[in-house]
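Single-letter residue listing:
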Amino acid sequence: MTEPYTVRRASPEDAAAIIRLVDDVAAQEEWLGIDRFPLSMEQEVQFLAAAESSIYLSLVCTGEAGSVVGVLTASRGTDTRLAHVSRLALAVSPTHRRHGIGRRLLDGMEEWGRSQGVRRSTLSVLASNEAAIALFQSFGFREEGRFERQYRLQHGFVDEIWMVKWLQGEVHAGV
Ligand SMILES: CC(C)(COP(=O)(O)OP(=O)(O)OC[C@H]1O[C@@H](n2cnc3c(N)ncnc32)[C@H](O)[C@@H]1OP(=O)(O)O)[C@@H](O)C(=O)NCCC(=O)NCCS
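Parameters at a glance
- Residues numbered from 1 in each chain as written.
- Predicted model: local features only at pLDDT ≥ 70, side-chain atom pairs only at ≥ 80, totals over all residues.
- Core = buried A, V, L, I, M, F, W, Y, C linked by C-beta atoms within 7 Å.
- Buried ≥ 20, exposed ≤ 12 C-beta atoms within 10 Å, placed from the backbone.
- Helix = DSSP H or I, 4+ residues; strand = E, 2+ residues; numbered from the N terminus.
- Contact = placed C-beta atoms within 7 Å.
- Arc of directions from axis to C-beta.
- Right-handed = clockwise from strand over helix to strand, strands pointing away.
- Pairing = 2+ DSSP bridges.
- Axes fitted to C-alpha atoms, helices over the stretch in contact; angles between N-to-C directions.

1. Details of the nonpolar core
- Counting residues in hydrophobic clusters, the biggest one holds 34 residues, and the most contacted among them are Ile18, Val71, Leu72, Leu105 and Met109.
- For this core, the secondary structure elements donating two or more residues are helix 1 (15–26), strand 2 (56–62), strand 3 (68–76), strand 4 (85–92), helix 3 (101–115), strand 5 (120–126), helix 4 (130–138) and strand 7 (156–166).
- Apart from residues no more than four positions distant in its own chain, Leu72 is found in contact with Leu59, Leu88, Leu90, Leu105, Gly108 and Met109.

Okay, structure coming up:
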């Protein structure tokens with residue numbers, strides 16, 4: 001039976017669980033473009049306490065026992081000319097995948113993005129990450145470009161793909 005999962009905003013009390021989850025997922029080099037969570041525990045606590053919700057979004061998905069099994073972060077541009085663009089990253093615990101958590105976290109990102117006037121939701125993903133690319137494509141993201149052989153993994157070089165979803169209708173020209 002599927003666990004009763006809950007998606008909510010992260011609070012400073014979630015910092016340790018978020019770091020643990022991201023470090024666990026990042027340990028598999030083919031999934032994320034980072035070796036480990038980029039902030040210390042203190043920095044993450046401070047960040048979650050102070051982050052402006054119009055600029056940053058941190059979501060967690062908790063399972064039955066309240067444990068953090070999924071995390072999504074998104075931020076939008078602070079320069080006026082980039083305020084319509086956001087960038088996201090997400091990770092789901094390997095033992096809780098294919099239960100719709102990734103999709104629910106993206107739903108939460110999209111709701112936040114629309115409420116903040118974000119028009120271009122962007123992300124970067126390793127070209128070898130078929131699960132993530134399938135999720136993003138099914139959610140309406142499409143490839144807009146790639147940096148060839150950007151990542152060097154143990155088995156060789158891998159492209160970095162940039163994916164985009166227009167949240168309020170695609171714009172080709174004008175404002
Ligand atoms: C990518 C990731 C976030 C997906 O999370 P998830 O909770 O398992 O995804 P969902 O259950 O919401 O899947 C939604 C849809 O995405 C697609 N999908 C997800 N995982 C897939 C896989 N392994 N193979 C093929 N399609 C997949 C399917 O269309 C799926 O719908 P379905 O289950 O009804 O067929 C998860 O695998 C993960 O954390 N990977 C490591 C970190 C990562 O890659 N992050 C993204 C880089 S920014």
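Structure's up, so let's keep going.
2. A few points about helix 4
- Here helix 4 has its buried residues at Ala132, Leu135 and Phe136. The arc enclosing the buried residues of helix 4, seen along the axis, measures out at 95°, which places them on a common side. The outward face of helix 4, more than 90 degrees from its buried face, is lined by the exposed residues Glu130, Ala134 and Ser138.
- On the buried face of helix 4, the contacting elements are helix 3, strand 5 and strand 7.
- Of the residues one or two after helix 4, Gly140 is the one with positive phi, at around 100°.

3. A few points about the pairing of strand 5
- Most of strand 5 sits out of view: five of its seven residues are buried.
- Regarding the hand of the β-α-β motif, the stretch spanning strand 4, helix 3 and strand 5 is right-handed.

4. A look at the sheet that holds strand 5
- As summarised here, the arrangement of the seven strands in space is 1-2-3-4-5-7-6, forming an open sheet in which the pairing is mixed. Where the open sheet ends on each side, the last strands, each with one partner, are strand 1 (6–9) and strand 6 (142–153). Averaged over all pairs of adjacent strands, the angle between their axes in this sheet comes to 25°, without regard to strand direction.
- Two strands pair when backbone bridges link them, and strand 4 and strand 5 are joined in this way by three bridges, in the parallel orientation. Paired with Arg87 across the two strands is Thr122, which belongs to strand 5.

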